[in-house]
Amino acid sequence: MTTSLSIQQAIVMLRLQSDMNAKVDSNWVQASYPYLRAVVIEAAEAIEHHGWKWWKKQILDLPQLQMELVDIWHFLLSEILLREQGDCDRALEHLFNAMPAASTRTVMCDQRLIELDSLALLEKLELLIALSAVRRIELSVFSSILADCRMSWQELYRQYVGKNILNFFRQDHGYKTGTYLKIWGDREDNEHLVELMSALSPDSDDYPEQLYNALLSRYPG
């Protein structure tokens, strides 16, 4: 586990995800949204950013691919939370029980043992779609895709927290009502976010709070 996520990092992400789900719908557990269906769609979007059309020239867009993986992780965490009825403590145990499998290099699918190292990135994304469509969470596949996209679990954590905090910040400052200012001093808010994240340590226990306050100190509204 030390090579992937710390307990504190897992707690932070699960709590952030639970809070965001509740912000979207206070009855999100009862609603039982199909979060793994969302994984299917996000993974298909990742395929688009990779490029798959053999009849035309396409260039792999790695930053966009990484952003799709962050979105996929939102929905994987949501599914884990949902399976534990929104209980963050039980979801943490669920996640940690599943994490050792993230380092395995094989997965069973359609009664076949698939060697992940034998698959190209596109094939792994297709496999993630197939497993998600039948409501399976396989962190080994997701972890292998992360590696192919040059992302560590630590980088996933950093980007995940950053995106969540910016979403919370937007909601708190009028995003729904249309009063939120997305441009700060000729730059978009996500550009400020990237700059602020680079100046903060994701290892800090209060990293989300530091990031939110840093955004607040720059916000012109």
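Structure report, in brief. If you're wondering where the values come from, they're calculated on a predicted model, not measured in any experiment.

### What about the pairing of strand β1 (residues 106-109)?
Residues Val-107 and Cys-109 point to one face of β1 and are all buried, whereas Thr-106 and Met-108, pointing to the other face, are not buried. Here four bridges tie β1 to strand β2 (residues 112-115), and the two strands are oriented antiparallel to one another. Along β2, the bridge assignment pairs Met-108 with Leu-113. Where β1 hands over to β2, the hairpin turn is made up of two residues, of which Asp-110 adopts a positive phi near 55 degrees.

### With respect to empty space enclosed by the protein
Empty space among the atoms can be located by rolling a probe the size of a water molecule over them. Under the defined criterion, the tally for this structure stands at one cavity of 30 Å³ or more. Within this model, the largest cavity holds a volume of roughly 40 Å³. Ile-11, Leu-14, Arg-15, Cys-88, Asp-89 and Leu-92 are the residues that line the largest cavity. Every element with two or more residues in the lining of the largest cavity is listed here: α1 (7-24) and α5 (88-98). Counted by class, the lining of the largest cavity contains four nonpolar, no polar and two charged residues.

### With respect to the nonpolar core
Side chains of nonpolar character tend, in soluble globular proteins, to be buried together. Within the largest apolar cluster, 71 residues are counted, with the highest numbers of intra-cluster contacts made by Trp-73, Leu-95, Leu-127, Phe-142 and Trp-153. Looking at which element gives the most residues to this core, the answer is helix α4 (residues 62-83), with 11 residues.

### Examining the layout of surface pockets
Quantified by volume, the largest pocket comes out at close to 430 Å³. Lining the largest pocket are 19 residues, with Met-67, Lys-163, Asn-190, Leu-193 and Val-194 positioned closest to its centre. Elements that contribute at least two residues to the lining of the largest pocket include exactly α4, α8 (153-172) and α9 (189-198). If one sorts the elements of the lining of the largest pocket by residue count, α8 sits on top with seven residues. Residue composition of the lining of the largest pocket, grouped by class: eight nonpolar, five polar and six charged.

### Quick notes on the packing of aromatic side chains
Using the criterion set out here, one finds 15 aromatic pairs in the structure. Ring geometry for Tyr-175 against Tyr-180: centres 5.7 Å apart, planes inclined by 70 degrees, an arrangement best described as edge-to-face. Classification of Tyr-175 as partly exposed rests on a relative accessible area of 39%. Owing to a relative accessible area of 10%, Tyr-180 belongs among the buried residues under this scheme. For the pair Trp-184 and Tyr-219, a centre-to-centre distance of 5.2 Å together with 65 degrees between the ring planes defines the contact as edge-to-face.

### A few points about the side chain of Ser-18
Note on placement: Ser-18 falls in helix α1. For Ser-18, a relative accessible area of 12% gives the class buried. Discounting residues that sit within four places of it in the chain, Ser-18 has contacts with Trp-28, Leu-81 and Cys-88.

### Points about the packing of α4 against α5
Relative to each other, α4 and α5 sit at 115 degrees, their axes nearing to 8 Å. Taken as a pair, α4 and α5 cross one another with a handedness that is right-handed. Contacts from Trp-73, Leu-77, Ile-80, Leu-81 and Arg-83 of α4 reach α5 at Cys-88, Ala-91, His-94 and Leu-95. Within the contact of α4 with α5, the residues separate by chemical class into seven nonpolar, one polar and one charged.

### Some words on a nonpolar patch on the surface
A contiguous nonpolar surface patch, about 450 Å² in accessible area, is contributed by Trp-52, Trp-54 and Trp-55. Assignment of secondary structure puts Trp-55 in the loop between α3 (35-50) and α4.

### A few points about the state of the cysteines
Tallying each qualifying case throughout the model produces zero disulfides. Considering cysteine sulfurs only, Cys-149 is the nearest to Cys-109, which forms no disulfide, with 19 Å between them. With a relative accessible area of 15%, Cys-109 lands in the buried category. On the basis of relative accessible area, Cys-149 is assigned to the buried category, the value being 0%.

Calculation notes
Residues numbered from 1 in each chain as written. Predicted model: local features only at pLDDT ≥ 70, side-chain atom pairs only at ≥ 80, totals over all residues. Heavy atoms only, no water. Buried < 20%, exposed > 50% of the residue type's maximum accessible area, 1.4 Å probe, protein only. Helix = DSSP H or I, 4+ residues; strand = E, 2+ residues; numbered from the N terminus. Pairing = 2+ DSSP bridges. 1 Å grid on protein atoms, 1.4 Å probe; cavity = no way out; pocket = protein on both sides within 12 Å on 5 of 7 lines; lining within 4 Å. Points joined across faces, edges and corners; volume = space filled by probe spheres on them. Nonpolar A, V, L, I, M, F, W, Y, C, P; charged D, E, K, R; others polar. Core = buried A, V, L, I, M, F, W, Y, C linked by side-chain atoms within 4.5 Å. Phe/Tyr/Trp six-rings, centres within 6.5 Å; stacked < 30°, edge-to-face > 60°. Contact = heavy atoms within 4.5 Å. Axes fitted to C-alpha atoms, helices over the stretch in contact; angles between N-to-C directions. Left-handed = near helix turned anticlockwise from the far one by under 90°. Patch = residues over 30% accessible without salt bridge, like charges linked within 9 Å, V, L, I, M, F, W, Y side chains within 5 Å. Areas by Shrake-Rupley, 256 points an atom, 1.4 Å probe, with all protein chains shown as cover. Salt bridge = Lys/Arg side-chain N within 4 Å of Asp/Glu carboxyl O. Disulfide = S-S within 2.5 Å.

Read these as geometric descriptors, not functional statements.
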